[in-house]
Amino acid sequence: MRPVHTALAVLVAAVWGFNFVVIEIGLDHFPPLLLSALRFLVAALPAVFFVGRPKVAWKWVLGVGAALGIAKFGLLFTGMDAGMPAGLSSLVLQIQAVFTAVLAAVVLRERPGRVRVTGMAVALAGIAVAAVDGGTSGPVLGFTLVVAAAACWGVSNVLTRKASPPDALNFMVWVCTVPVLPLFGLSLLLEGPERDLAALRALDWSGVGVIAYVAWISTVFGFGAWGYLLRRYPASSVAPFSLLVPVFGMSSAALVLGEQVSGLRWVAAVLLVGGVALTSLAPARSRAGTAAGTAAGTAAVSAQSRPAAAGASPAR
């Protein structure tokens with residue numbers, strides 16, 4: 001990769017990592033489901049009027065929108081609101097690579113090789129260490145919700161693979177339209193109209209900045225830049241940069257929020273990031289002959305799409 005594009009990939013990872021800190025701040029202003037709904041609303045509008053019609057079947061837009069937008073981010077935001085630290089959330093969420101590999105083996109018939117299986121085992125060991133650390137410093141419910149969010153992210157990755165959108169940005173903008181009304185409805189039902197109205201009435205420049213960051217910088221810029229890199233370079237060259245997301249997430253949470261990073265958490269980080277690297281980048285044998293490099297790139301994109309992507313970043 002050219003140096004300028006390497007710098008862009010690192011910048012996207014930093015944007016996605018810092019996104020966890022911004023969401024933590026946003027949860028002081030909004031209930032979690034309302035914040036998630038506002039994020040997707042602002043990310044989708046007015047972009048949806050400029051990207052053209054969806055270039056894949058509506059079933060894929062609706063499926064990824066439900067799995068990624070409603071389930072993954074609803075659970076993630078709620079888990080963080082329940083006390084899961086921002087830095088630890090950015091780390092634990094990367095277990096999505098294991099869920100993606102398992103689901104791909106079942107649904108796409110991609111048989112994982114020895115290296116990938118080893119990576120899954122190492123990543124799971126990292127989650128076990130993170131669970132021990134989280135159990136001594138945070139609520140079990142929040143940890144469980146973030147792991148569940150990672151599982152939903154894995155579902156959305158496999159659905160994105162099946163959809164194979166020719167235009168990643170077009171696809172993600174339309175995906176962002178799907179969760180808006182369901183999340184607003186869930187917020188009214190579970191968080192209550194009084195709490196939602198109070199948050200909106202108390203909206204200040206800090207709250208506006210949070211929404212602008214998670215919608216436009218993390219989602220639109222992050223996913224657009226990631227898609228641009230994937231169009232210019234092989235997925236196997238771009239995808240590894242997503243492994244920097246928890247590094248930036250944990251370090252920015254420590255610097256900005258004052259989160260303590262224990263020795264156990266560093267051990268969990270090494271195991272989880274190393275295991276995810278092996279799981280995401282090792283080739284998977286597919287009966288259809290699909291290369292795993294493409295899988296890793298697509299998973300990273302849809303995951304961080306906060307896309308988001310890739311989008312997910314991969315990725316809030």
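Residues numbered from 1 in each chain as written. Predicted model: local features only at pLDDT ≥ 70, side-chain atom pairs only at ≥ 80, totals over all residues. Heavy atoms only, no water.

A. Focus on the overall build of the protein chain. If you tally the helices and strands in the protein chain, you get 15 helices and 2 strands. Put simply, the protein chain shows about 12600 Å² of open surface, and 71% of that area lies on carbon and sulfur atoms. (Helix = DSSP H or I, 4+ residues; strand = E, 2+ residues; numbered from the N terminus. Areas by Shrake-Rupley, 256 points an atom, 1.4 Å probe, with all protein chains shown as cover.)

B. Examining unusual backbone geometry more closely. Of note, the bond from L45 into P46 is cis; its omega dihedral lies within 30 degrees of zero at 0 degrees. You can see P46 is positioned in the loop between α2 (32–44) and α3 (58–81). You will see that S164, though not glycine, has its phi angle at about 50 degrees, which is positive. Mapping S164 onto the fold places it in the loop between α7 (140–163) and α8 (168–177). For S164, a relative accessible area of 52% puts it in the exposed group. (Buried < 20%, exposed > 50% of the residue type's maximum accessible area, 1.4 Å probe, protein only.)

C. Representation of empty space enclosed by the protein within the structure. As a volume, the second largest cavity reaches approximately 40 Å³. Lining the second largest cavity we find A43, L169, M172, V173, C176, T219, V220 and F223. Within the residue set of the lining of the second largest cavity, elements represented by two or more residues are α8 and α11 (205–232). Considering every element that reaches the lining of the second largest cavity, the biggest residue donor is α8, with 4 residues. Of the residues that constitute the lining of the second largest cavity, the class distribution is 7 nonpolar, 1 polar and no charged. (1 Å grid on protein atoms, 1.4 Å probe; cavity = no way out; pocket = protein on both sides within 12 Å on 5 of 7 lines; lining within 4 Å. Points joined across faces, edges and corners; volume = space filled by probe spheres on them. Nonpolar A, V, L, I, M, F, W, Y, C, P; charged D, E, K, R; others polar.)

D. Up close: the side chain of E191. On the secondary structure map, E191 appears in helix α9 (residues 180–191). Within the structure, E191 has its side chain in polar contact with the backbone nitrogen of L33 (distance 2.8 Å). Residue contacts for E191: discarding those within four places in its chain leaves P31, P32, L33, L34, L186 and D196. (Polar contact = N/O pair within 3.5 Å; in protein donor to acceptor, adjacent residues only side chain to side chain. Contact = heavy atoms within 4.5 Å.)

E. Structural context of the nonpolar core. Core analysis: the largest hydrophobic core is formed by 82 residues, its most contacted members being L76, V92, L93 and F171. Ranked by the residues each element gives to this core, the list is headed by helix α1 (residues 3–26), at 10 residues. (Core = buried A, V, L, I, M, F, W, Y, C linked by side-chain atoms within 4.5 Å.)

F. Region of interest: α2. The end-to-end C-alpha distance of α2 is 18 Å, a good match for the 18 Å that 13 residues give at a rise of 1.5 Å each. Across the 13 residues that make up α2, a large majority, 11, are buried. For α2, the set of buried residues is P32, L33, L34, L35, S36, A37, L38, R39, F40, A43 and A44. Of the surrounding secondary structure, the elements contacted by the buried residues of α2 are α1, α3, α8, α9, α10 (193–201) and α11. (Expected span 1.5 Å × (residues − 1).)

G. Looking closely at the packing of α1 against helix α13 (residues 245–256). For the pair α1 and α13, interaxial distance at closest approach is 7 Å and the crossing angle is 50 degrees. By the angle between their directions, the pair α1 and α13 is classed as oblique. The two elements α1 and α13 cross, and the hand of that crossing is right-handed. Between α1 and α13, the contacting residues are V10, A13, A14, W16, G17, F18, F20 and V21 on the first element and V245, F248, G249, S252, A253 and V256 on the second. (Axes fitted to C-alpha atoms, helices over the stretch in contact; angles between N-to-C directions. Parallel < 35°, antiparallel > 145°, perpendicular 65-115°, else oblique. Left-handed = near helix turned anticlockwise from the far one by under 90°.)

H. Fine view of α9. The end-to-end C-alpha distance of α9, which contains 12 residues, comes to 15 Å, matching closely the 16 Å that a straight helix rising 1.5 Å per residue would cover. Along α9, the residues that are buried comprise V180, L183, S187 and E191. Along the axis of α9, the buried positions cluster into a sector of 70 degrees, meaning they face one direction only. Exposed and oriented more than 90 degrees from the buried face of α9 are L181 and L189. (Arc of directions from axis to C-beta.)

I. Highlighting the packing of aromatic side chains. The full count for this structure, using the stated rule, is 4 aromatic pairs. Relative to Y213, the ring of F18 has its centre 5.8 Å away and its plane inclined at 75 degrees; by these criteria the two rings are edge-to-face. Here the residue F18 occupies a position in helix α1, and Y213 occupies one in helix α11, the gap between them amounting to 195 residues. Taking the relative accessible area as the measure of exposure, F18 reaches 29% and is therefore partly exposed. Look at Y213 and you get buried, because its relative accessible area is 14%. Ring geometry for F73 against F77: centres 6.2 Å apart, planes inclined by 85 degrees, an arrangement best described as edge-to-face. A residue pair is termed a helical-turn pair when its members lie 3 or 4 positions apart in one helix, as F73 and F77 do in helix α3 at 4 residues. (Phe/Tyr/Trp six-rings, centres within 6.5 Å; stacked < 30°, edge-to-face > 60°.)

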